[in-house]
Amino acid sequence: MTLSSTDAAQAPPLKPPVIRLQGVQKSFALPSGEVFDAVRALTLDIPEGEIFGLIGKSGAGKSTLLRLINLLERPDAGQVLVGGRDLTTLSRRELRDTRQNLGMIFQQFNLLQNASVFDNVAFPLKIHGRHSRAEIDARVRECLALVGLSEKIDTYPAQLSGGQKQRVAIARALAPRPQVLLCDEPTSALDSETTRSLLETLRDINAKIGVTIVIVTHELSVVEVLCRRVAILEKGQLIEQFAVDEAPQAERLTALGREIDALVRRRERDAREAANTPLSAAAAPRGLAHA
Ligand SMILES: Nc1ncnc2c1ncn2[C@@H]1O[C@H](COP(=O)(O)OP(=O)(O)OP(=O)(O)O)[C@@H](O)[C@H]1O
Ligand SMILES: [Mg+2]
């Protein structure tokens, strides 16, 4: 799928996508006997190292799409390629191994309540059974440091705030050193200040270890703060996608796209005002000078 209006002849060679969905379809049988198409013939490439936002209204199919990427939902048709391998063709065992490459976090954190922070983060390493105790210990400490929670290693989830719980969930997802971190509404249960700091942590992690982040949200502010690319999902189909700093506002196809654009421009303007620098000549062709 074409991701941008950039002239392909002049663009630098793109890295191969770490995630490629090709003609992916997912339907659910409803109690009434009807069949509901939650994701419809959807094709999508996500480049390695990207912070990719999937945004859309409730029921648009965002969670289903995310769960198709790690085959928590099996597609009825189409291919799900991660690192070039079609997950739909893998055996159960191969799929279990491949899922180590796809960490996931959820709105409700999903921590083990009776396990310490250390044991929560160590969990995916222990069930895989391939790591020595010393390796697990080192890996847990490394991941807790990444999310800024080293000092909580011996506490239990009940002793943590919502934001801290989500940080533990991120550390746990990163423990197997995945290429991809899938995030389903990870800040929806958090207040706005905690949200902002968690999104900053996700951005830091992406910068430090290069993990590709796919984040599902219905909150524009999440896209504004975090995402470099965004896809808008409506009724199971991608209706628009773009790099947030790419095309001028007038080219946006959807109302949501125009809203994201306005927020991103505001963010740029605020950053400029904070730095107290005049509008640069380079920004002028994007229409900002006339705003
Ligand atoms: N297991 C299921 N059985 C039947 N219908 C389902 C199932 N899972 C999802 N759906 C339906 O598919 C559609 C898309 O659901 P999905 O959870 O992907 O939406 P979403 O965009 O994540 O919404 P939200 O923002 O509310 O989380 C919804 O209409 C939902 O009711
Ligand atoms: Mg959802």
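Chemist: Which residues make up the overall build of the protein chain, and what values go with them?
Modeler: Broken down by element type, the protein chain carries 8 helices and 10 strands. Going through the 291 residues of the protein chain one by one, you find that 48% of them count as buried.

Chemist: Any details on the confidence of the model for the protein chain? Residues and values, ideally.
Modeler: Put simply, the protein chain has an average pLDDT of 89, and 88% of its residues get 70 or more. pLDDT under 50 marks residues 281–291. Its contacts with residues more than four places away, or in other chains, come to 11 contacts.

Chemist: Mind laying out the sheet that holds strand β5 (residues 85–86), listing which residues take part and the relevant values?
Modeler: The strand order across the open sheet built from 4 strands is β2-β1-β4-β5, with neighbouring strands paired in antiparallel fashion. The sheet is open, and its two borders are formed by β2 (35–47) and β5, each paired with just one other strand. Two strands pair when backbone bridges link them, and strand β1 (residues 17–29) and β2 are joined in this way by 9 bridges, in the antiparallel orientation. Bridging across to β2, Val24 finds its partner in Leu42.

Chemist: Tell me about the sheet that holds strand β3 (residues 51–55), and please be specific about residues and values.
Modeler: Taken together, the 6 strands give an open sheet; going across it, the order is β6-β7-β8-β3-β9-β10, and neighbouring strands pair in mixed fashion. A strand with exactly one partner marks an edge of an open sheet, and here the two such strands are β6 (102–105) and β10 (237–243). Sheet twist, expressed as the mean angle between neighbouring strand axes with direction ignored, is 15 degrees. Summarising the sheet, strand β9 (residues 229–234) and β10 pair through 6 bridges and their orientation is antiparallel. Bridge pairing links Val230 to Phe242 in β10. Across the sheet, helix α5 (residues 162–174) touches β6 and β7 (180–184), and the angle it forms with β6 is around 170 degrees.

Chemist: Which residues make up the site of ligand 1, and what are the values?
Modeler: The environment of ligand 1 is made up of Phe28, Phe36, Ala38, Lys57, Ser58, Gly59, Ala60, Gly61, Lys62, Ser63, Thr64 and Glu185. Between Gly59 and ligand 1, the recorded distance is 2.8 Å, taken from a backbone N or O atom to an oxygen atom. Within the backbone of Gly61, a nitrogen or oxygen atom sits 3.0 Å from an oxygen atom of ligand 1. With the chains in place, 61% of the 640 Å² that ligand 1 exposes on its own is no longer accessible. Within the residue set of the shell around ligand 1, elements represented by two or more residues are β2 and α1 (62–69).

Chemist: Which residues make up helix α4 (residues 133–146), and what values go with them?
Modeler: The terminal C-alpha atoms of α4 lie 20 Å apart, and with 14 residues this matches the ideal 20 Å at 1.5 Å per residue to within 8%. Inspection of α4 places Ile136, Arg139, Val140, Cys143, Leu144 and Leu146 among the buried residues, and these make up the whole buried set. End-on view of α4: buried residues confined to an arc of 150 degrees, all on one side of the axis. Those residues of α4 hidden inside the fold are in contact with α3 (117–128), α5 and α6 (192–209). Immediately beyond the C-terminal end of α4, within one or two residues, lies Gly148, with a positive phi of roughly 75 degrees.

Chemist: Lay out unusual backbone geometry in plain terms, naming residues and giving numbers.
Modeler: Excluding glycine, residues mostly carry a negative phi; peptide bonds, for their part, are mostly trans. The residue Asn110 is not glycine, and still its phi comes out positive at about 55 degrees. Along the polypeptide, Asn110 turns up in the loop between β6 and α3. The class for Asn110 is partly exposed, based on a relative accessible area of 42%. Non-glycine residue Arg177 carries a positive phi angle of around 55 degrees.

Chemist: Got a sec to walk through α6? Specific residues and values, please.
Modeler: Between its terminal C-alpha atoms α6 stretches 26 Å, which fits the 26 Å expected from 18 residues at 1.5 Å a residue. For α6, every residue scored as buried is listed here: Thr195, Leu198, Leu199, Thr201, Leu202, Ile205 and Asn206. All buried residues of α6 lie within an arc of 155 degrees about the axis, which places them on one face of the element. Among the exposed residues of α6, those oriented more than 90 degrees off its buried face are Glu193, Ala207 and Lys208. Summarising the contacts, the buried residues of α6 are in contact with β3, α4, α5, β7, β8 (212–217) and α7 (220–226). The N-capping residue of α6, defined by a side-chain oxygen 3.2 Å from the backbone nitrogen of Glu193, is Asp191. Taken from the residues just after α6, Gly210 is the one with a positive phi, measuring 75 degrees.

About the criteria used
- Residues numbered from 1 in each chain as written.
- Chains lettered and ligands numbered in written order.
- Predicted model: local features only at pLDDT ≥ 70, side-chain atom pairs only at ≥ 80, totals over all residues.
- Heavy atoms only, no water.
- Helix = DSSP H or I, 4+ residues; strand = E, 2+ residues; numbered from the N terminus.
- Buried < 20%, exposed > 50% of the residue type's maximum accessible area, 1.4 Å probe, protein only.
- pLDDT = per-residue confidence, 0-100.
- Contact = heavy atoms within 4.5 Å.
- Pairing = 2+ DSSP bridges.
- Axes fitted to C-alpha atoms, helices over the stretch in contact; angles between N-to-C directions.
- Near = heavy atom within 4 Å.
- Polar contact = N/O pair within 3.5 Å; in protein donor to acceptor, adjacent residues only side chain to side chain.
- Areas by Shrake-Rupley, 256 points an atom, 1.4 Å probe, with all protein chains shown as cover.
- Expected span 1.5 Å × (residues − 1).
- Arc of directions from axis to C-beta.

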